[in-house]
Amino acid sequence: MDYKQTAKTIFDKVGGNDNINEVIHCSTRLRMNLKHPKEAKTDEIKSIDGIMGAVYSGGQYQVIVGNDVGYVYNELIKLLDTKKKPAQEEPKKRDLSFKGLFDSFAGIITGIFQPIIPAIAASGMLKALLLLSTSLNLLTKESQLYLLLSFIADAAFYFLPVLLAFSSSQKFKTNPYISVTLAGVLLHPKLIALLAGEVPVHFAGLPVPNVSYASSVIPIILTVWLMSYVERFAEKVSPGPVKIFLKPMIIILVMAPLALVVLGPLGNYLGQGLSDGLFWIQGKFGWLTVVILSVILPFIVMFGMHKVFYPVIFAAMVSPGYETLIHSAMLSSNIAQGAGALAVWFLAKDKKLKQIALPAGISGLFGISEPALYGIHLKLKRTMVACMIGAGSAGLFAGIVNLKAYAAVGPGIASLPMFIGEKNNFMYALITLGISLVVTPIAVYFIGFKEDTDGQQTAAAVTKSADVPAAPQEPGRPQSRMVIFAPIEGEAIPLREVKDEAFAQEAMGKGMAIKPSKGEVVAPFDGTVETVFRTKHSIGLKSVEGVEILIHVGLDTVKLKGKHFNVVVQEGDTIKHGQLLIEFDMQAIEEAGFDMTTPVIVTNTPDYLEILGHEYSAKIGPEMPLITVL
């Protein structure tokens, strides 16, 4: 992937600086706040090489990039005009529907929690490794090394309100330093000592409840949210000459007491309620909750809505100190997605499908499921069912044994220490992983890749059976599989080898190219002539199945203005496979200094799941498949 070009294309397709308010990224997605989300050219973004999908969900415009998202993000932020005032969304009526409210909530949660995940994940894994070191008697809990490492591991959790204060200030567009100051008030050691005393604490006659805010989540978020409104008031009432100190002083004097007396205790009760509610659900429905979440999780991930689980996860990590539903389901689902993709890699015979499936499978096993989800299972569909069977089977075991996660990390092979804890918990995690790893490939094998709805053949069989034309279908209706034969004799090469950036970058669509050995273009399928270019060097065709292609004879040959070309058909003509379309004097064109490489492009690429090119070591001819459209 050309990260710079990909970032530039995405930047342009979403509307550039005029439409982008904010950009962040998670492990696989670019997440953007856009001024006008509907102006983003979603279909064109989906067709960018290397992009797995694009969706507007949870109040964010999300572009699914995969494991390379960090590199694309780094190039994208270079294009943002940081000196320009961010675009402000136009006032609009608040959407009070369930979907509108949920999208707003999801957007806020993602914007607040996503930036702090690296710190939390690193600390969580360090805590898990410390547990492992004591279990193996490598360290004792009384040793200074253990104590110092435990302080380091606990820092991000203990000072979680500080991290959340800063990220919340970015989301609510308020002063980050005052926000952090308010978090410091809640965590001040002298406040903790005062509240722990025997004498009840009051602020101007109002009781200050004895609440511990270390590792808390909701209190500081509520505080910063309300602070964003108080800051506007302070801005209005503070005269210019004294605004530099009066404005922040008003904010702190108003918000600190509110945080201590009202918002902090309220947030603490809400956080405890989330944790208690999670355990109530599991107590009421038992292992079934883990099974259901394991099965449906890919569809939640598909819309980027899994981030809404963050408050529940963090609340559980504070009390009782572990989480038993979401991480268990994620482990079952992530491993199933990866194992399913590896099964496709092992069973498939098509080279391109194998190239996609192998890295996607490895990524899934390490806890990043989107490459397998978007690159394999949503396209093959039946393998998605197999993954759901594998995930559900693993989730059943995890639910029955009440598998516990002790760190807020994306579950996968590398992060398994997150399950190290009491008694046999880590062994239960290994068994859960093993069930998903074994059951899913077996299900893929028996279910196969074939779609029942449209007769699509298995991905493994596509290339080998490509020499048999697909059955005719109603004109104009896209078919699930179709073969485009070579329109010219010569050597077939991938588009990326074409010495023209527009073709090589697949800007016009996916396809193949041919280095001609004979000066004739023939029909690669049965269909119609859609376009004959005035300069005769290029022709547009449409198959009876609805596939549209462009055959561009040579590079820059438009400059010849039709010289050395003879088109023998007209627009609207019906054509048959093998029928002569264009004659060209290959020797004369080459002597004029032009490259004869001829791209064959599927111009309606976004209408199909995949465009697979066929490469040969020997010469290709009109009787041989060049491209298979899925």
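What counts, and at which threshold
- Numbering of residues starts from 1 in each chain and follows the order in which that chain's sequence is written.
- In view of the model being predicted, local features appear only for residues whose pLDDT reaches at least 70, and side-chain atom pairs are presented and counted only at 80 or more, with totals across whole chains, interfaces and linings using the full set of residues.
- Excluded from the side-chain calculation are hydrogens and water; included are all heavy atoms of the structure.
- Strands are runs of DSSP state E lasting at least two residues, helices are runs of H or I lasting at least four, and both sets are numbered from the N terminus onward.
- For each residue, the accessible area found with a 1.4 Å probe, counting protein chains only, is set against the maximum for its type, and the residue is called buried under 20%, exposed over 50%, and partly exposed in between.
- Polar contact is the term for a pair of N or O atoms within 3.5 Å; when the atoms are in protein, one must be able to donate a hydrogen and the other to accept it, and sequence-neighboring residues count only if both atoms are side-chain atoms.
- Residue contacts are defined here by distance: any two heavy atoms, one from each residue, within 4.5 Å place the two residues in contact.
- Think of it this way: a Phe, Tyr or Trp ring, Trp meaning its six-membered ring, pairs with another when their centres are within 6.5 Å, and the plane angle makes it stacked under 30 degrees, edge-to-face over 60, tilted otherwise.
- Each ring is checked for a lysine NZ or an arginine CZ that lies within 6 Å of its centre and within 35 degrees of its normal; such an atom marks a charge sitting over the ring.
- Any residue with relative accessible area above 30% and no salt bridge may belong to a patch, with like charges joined within 9 Å and the nonpolar Val, Leu, Ile, Met, Phe, Trp and Tyr side chains within 5 Å.
- Computed by Shrake-Rupley with a 1.4 Å probe, the accessible areas treat only the displayed protein chains as cover when residues are assessed.
- Any Lys or Arg side-chain nitrogen found within 4 Å of a carboxyl oxygen on Asp or Glu counts as a salt bridge.
- Expected span, for any helix, means 1.5 Å times one less than how many residues it has.

> Residue-level account of the side chain of T605, with values.
By the secondary structure assignment, T605 is in the loop between β17 (598–602) and β18 (611–613). On the basis of relative accessible area, T605 is assigned to the buried category, the value being 8%. In this structure the side chain of T605 is engaged in a polar contact, spanning 3.0 Å, whose partner is the backbone nitrogen of K510. A distance of 2.6 Å separates a polar atom in the side chain of T605 from the backbone oxygen of V602. Apart from residues lying up to four places away in sequence, T605 is in contact with G509, K510 and I611.

> Before we move on, can you summarise the packing of aromatic side chains with the specific residues and values?
Enumeration over the complete set of coordinates arrives at seven aromatic pairs. On the basis of an interplanar angle of 20 degrees and a centroid distance of 5.0 Å, the ring pair of Y3 and Y71 is categorised as stacked. Here Y71 lies in helix α3 (residues 69–79) and Y3 lies in helix α1 (residues 3–13), a separation of 68 residues in the sequence. On the accessibility criterion, Y3 (27% relative accessible area) is partly exposed. Directly above the ring of Y229 sits R232, whose terminal nitrogen or CZ lies 4.6 Å from the centroid. The lysine or arginine in question, K354, covers the ring of W345, its NZ or CZ lying 5.5 Å from the ring centre.

> Please set out a nonpolar patch on the surface residue by residue, giving values where relevant.
Taken together, W280, I281, F285, W287, L288, I292, I296, F299, L396 and I400 make up a surface patch of nonpolar side chains, about 950 Å² in accessible area. Of all the secondary-structure elements, those providing two or more residues to the nonpolar patch are α11 (243–285), α12 (288–302) and α17 (382–401). Take L396: it is sitting in helix α17. Since its relative accessible area comes to 34%, L396 is described here as partly exposed.

> So what's going on with helix α15 (residues 351–365)? Residues and values would help.
Taking 1.5 Å of rise per residue, the 15 residues of α15 would be expected to cover 21 Å, and the 22 Å separating its terminal C-alpha atoms lies within 8% of that figure. Every buried residue of α15 is accounted for by L353, A357, A360, G361, S363, G364 and L365. Elements in contact with the buried residues of α15: α14 (326–347), α16 (370–380) and α18 (425–447). Just past α15, the residue G367 takes up positive phi, approximately 100 degrees.

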